[in-house]
Amino acid sequence: AQSVTQLDSQVPVFEEAPVELRCNYSSSVSVYLFWYVQYPNQGLQLLLKYLSGSTLVKGINGFEAEFNKSQTSFHLRKPSVHISDTAEYFCAVSLIRRKLTFGTGTRLQVTL
Amino acid sequence: DAGITQSPRHKVTETGTPVTLRCHQTENHRYMYWYRQDPGHGLRLIHYSYGVKDTDKGEVSDGYSVSRSKTEDFLLTLESATSSQTSVYFCAISETVQGTEAFFGQGTRLTVV
């Protein structure tokens, strides 16, 4: 079975500071990995995904994530956050021909 | 934005009444999903469909049923609503399961009183 763990339920950060949102997964086989963002009162929007190839994946809004197979991690990073990045972020994993499994989410709160 | 419409967007219903939520897509995607979102649990899959009349259970399917008679519509029914089913429900679609993006609707906030 596949599972996803987001270690931090909330991450407060000041504007223009760097941020890392952590995600670990468990699976005995290869997986596809995703980060989604949810702004207040909206659905989820894909930030980025890792399917294969380069372990550093760049997404929208300046976010990037690095796939680390040995540590089974897929942490999301941004070098300088903006107030508008305040949202909830979800890590998700899928096996080949299987549906997405989501983590419990990390609420990023950016303040001045 | 992907063409996904959920209806209704908000609903308050009484315990024991049946409720049907509708998801309509204009993308002709094969896969459709129903998730519920609750604090501390993230999104949990209720049911999904991989084609017309082809559906399967997710991790929290008890108390829910689904139907898909047309490619574009995926209905979620709570046969007899309970307070534990108060949640925000999201519909999602994808072209395939294998590594493609899932597009989400705006959500339906359901309150069972």
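The structure displayed is predicted, hence computed values, not measured ones.

Draft legend 1. Broad picture of the overall build of chain A. Check the secondary structure of chain A and you find 0 helices and 12 strands. Written out in order from the N terminus, the α and β elements of chain A read β-β-β-β-β-β-β-β-β-β-β-β. By the compact-globule yardstick of 13 Å for 112 residues, chain A fits well, its C-alpha radius of gyration being 13 Å. Projected onto its principal axes, the C-alpha positions of chain A cover 40 × 30 × 20 Å. When the 112 residues of chain A are sorted by exposure, 46% land in the buried category. Residue pairs in contact within chain A that sit at least 24 positions apart in sequence constitute 55% of those at least 6 positions apart.

Draft legend 2. Quick peek at the interface of chain A and chain B. Counting residues at the interface gives 22 residues for chain A and 21 residues for chain B. Here chain A meets chain B over a buried area of about 1700 Å², counting both sides, of which 57% is carbon and sulfur. Of all residues in chain A, Leu44, Lys99 and Phe102 of chain A bury the most surface against chain B, accounting for 29% of the area lost on that side. Where chain A packs against chain B, one counts 3 residue pairs in polar contact (both at pLDDT 80 or more). Of all the elements in the fold, those that place two or more residues in the side of chain A that touches chain B are strand 5 (32-38), strand 6 (44-50) and strand 10 (87-94) of chain A. Looking at the side of chain A that touches chain B, the element that brings in the most residues is strand 5 of chain A, giving 4 residues.

Draft legend 3. The arrangement of the nonpolar core in detail. Counting residues in hydrophobic clusters, the biggest one holds 29 residues, and the most contacted among them are Trp35, Leu48, Leu76 and Tyr89 of chain A. Mapped by element, the contributors of at least two residues to this core are strand 2 (10-14), strand 3 (19-21), strand 5, strand 6, strand 8 (64-68), strand 9 (73-78), strand 10 and strand 12 (106-111) of chain A. If you tally residues by element for this core, the top one is strand 10 of chain A, at 4 residues. Counting 20 residues, the second largest nonpolar core, distinct from the first, contains Leu44 and Phe102 of chain A together with Val88 and Phe90 of chain B.

Draft legend 4. A look at the layout of surface pockets. For the largest pocket, the calculated volume is near 640 Å³. Residue lining of the largest pocket: 29 residues in total, with Gln38, Glu88 and Arg107 of chain A together with Gln37 and Arg109 of chain B positioned closest to the centre.

Draft legend 5. Summary view of the environment of Phe90 of chain A. Residues and elements named next belong to chain A. By secondary structure assignment, the location of Phe90 is in strand 10. We classify Phe90 as buried; its relative accessible area is 0%. Along the primary structure Phe90 and Arg107 are separated by 17 residues, whereas in three dimensions their C-alpha atoms are 8.9 Å apart.

Draft legend 6. Representation of the sheet that holds strand 1 (residues 4-7) of chain B. Residues and elements named next belong to chain B. Strands sit in the order 1-3-8-7 across an open sheet of 4 strands; the sheet is antiparallel. Two strands in the sheet have a free side with no partner beyond their single neighbour: strand 1 and strand 7 (64-70). Each strand axis lies, on average, 15° off the axis of its neighbour in the sheet, ignoring direction. Examined bridge by bridge, strand 3 (residues 19-25) and strand 8 (residues 73-78) share 6 bridges and lie antiparallel to one another. Residue Cys23 lies in a different strand from strand 8, and its bridge partner there is Phe74.

Draft legend 7. Quick peek at the pattern of salt bridges. Overall, the coordinates contain 10 salt bridges over all chains when judged by the stated rule. The partner of Arg77 of chain A in a salt bridge is Glu66 of chain A, with the nearest N and O atoms 3.4 Å apart. Pair noted here: Arg77 of chain A is in strand 9 and Glu66 of chain A is in strand 8, with a separation of 11 residues, a long-range link. Residue classification places Arg77 of chain A among the partly exposed residues on the basis of a relative accessible area of 28%. For Asp38 of chain B, the salt bridge is made with Arg36 of chain B, and the minimal N-O distance between the two is 2.8 Å. Asp38 of chain B gets classed as buried once you look at its relative accessible area, which sits at 11%. Connected through shared salt-bridge partners, Glu20, Glu66 and Arg77 of chain A make up one network.

Draft legend 8. Region of the structure containing the pairing of strand 6 (residues 54-57) of chain B. All names here are of chain B. Inspection of the sheet shows strand 5 (residues 42-51) paired to strand 6 by 4 bridges, in the antiparallel sense. Bridge pairing in strand 6 links Ser49 to Thr55. Hairpin connection of strand 5 to strand 6: 2 residues between the antiparallel strands, including Lys53 at a positive phi of 65°.

Draft legend 9. Region of interest: the confidence of the model for chain A. Scored by pLDDT, chain A has a mean of 91; 96% of the residues are at 70 or more. Averaged pLDDT values over the elements of chain A bottom out at 86 in strand 11 (residues 101-102) of chain A and peak at 98 in strand 3 of chain A.

Criteria and thresholds
Residues numbered from 1 in each chain as written. Chains lettered and ligands numbered in written order. Predicted model: local features only at pLDDT ≥ 70, side-chain atom pairs only at ≥ 80, totals over all residues. Heavy atoms only, no water. Helix = DSSP H or I, 4+ residues; strand = E, 2+ residues; numbered from the N terminus. Rg over C-alpha atoms; globule rule 2.2 N^0.38 Å. Buried < 20%, exposed > 50% of the residue type's maximum accessible area, 1.4 Å probe, protein only. Contact = heavy atoms within 4.5 Å. Buried area = accessible area lost by both parts, 1.4 Å probe. Polar contact = N/O pair within 3.5 Å; in protein donor to acceptor, adjacent residues only side chain to side chain. Core = buried A, V, L, I, M, F, W, Y, C linked by side-chain atoms within 4.5 Å. 1 Å grid on protein atoms, 1.4 Å probe; cavity = no way out; pocket = protein on both sides within 12 Å on 5 of 7 lines; lining within 4 Å. Points joined across faces, edges and corners; volume = space filled by probe spheres on them. Pairing = 2+ DSSP bridges. Axes fitted to C-alpha atoms, helices over the stretch in contact; angles between N-to-C directions. Salt bridge = Lys/Arg side-chain N within 4 Å of Asp/Glu carboxyl O. pLDDT = per-residue confidence, 0-100.

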